[in-house]
Amino acid sequence: MKKLHKTTSILVAGVAAALFATGAQALDEAAAKDLMKQNKCTQCHGMDKDKDGPSFKKIAGKFKGKADSESKLLTHLTTAPKVKLSDGSEEEHKIVKTSPAKDEAQIKNMIQYILSL
């Protein structure tokens, strides 16, 4: 019985370590904010207050608890969809640019930061 308990403890520890290692990578808040600054995201989006676009906190609230939130935001930030501005006009949302080009990991990090607000 003692051996079974030890084996179970090792198994639980291993699973926990694997989940931690394969789960969402650690959020790099500074890199996310830097990418937002490089792409001038805050010209249209405030952190707490709406500008021409919704605030980042409002975006986070809209997607909270939805399983497909990251993929929807990734598509939004990489395909230049039409968006409605606060004055009712429409324009194409800018595609997020990264260095190196099209680095999805950087964009996903920024998305995770926005969703954490």
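The structure presented is a predicted model; accordingly, all values stated were derived computationally and were not measured. (Residues numbered from 1 in each chain as written. Predicted model: local features only at pLDDT ≥ 70, side-chain atom pairs only at ≥ 80, totals over all residues. Heavy atoms only, no water.)

Caption draft 1: Quick peek at helix α3 (residues 56-63). For α3, the full list of buried residues reads Phe56, Ile59, Ala60 and Phe63. When α3 is viewed along its axis, its buried side chains cluster within an angular range of 100 degrees and face the same direction. Against the buried residues of α3 lie α2 (29-38), α4 (69-79) and α5 (104-116). After α3 finishes, the residue Gly65 shows a positive phi value of roughly 80 degrees. (Buried < 20%, exposed > 50% of the residue type's maximum accessible area, 1.4 Å probe, protein only. Helix = DSSP H or I, 4+ residues; strand = E, 2+ residues; numbered from the N terminus. Arc of directions from axis to C-beta. Contact = heavy atoms within 4.5 Å.)

Caption draft 2: Broad picture of unusual backbone geometry. Residue Pro100 is reached from Ser99 by a cis peptide bond, and omega for that bond is 5 degrees. Mapped onto the fold, Pro100 is located in the loop between β2 (90-92) and α5. One non-glycine residue, Lys40, adopts positive backbone phi at about 55 degrees. With phi around 55 degrees, Ala80 is a residue other than glycine that occupies positive phi space. Inspection of the secondary structure assignment puts Ala80 in the loop between α4 and β1 (82-84). Given a relative accessible area of 17%, Ala80 falls into the buried group.

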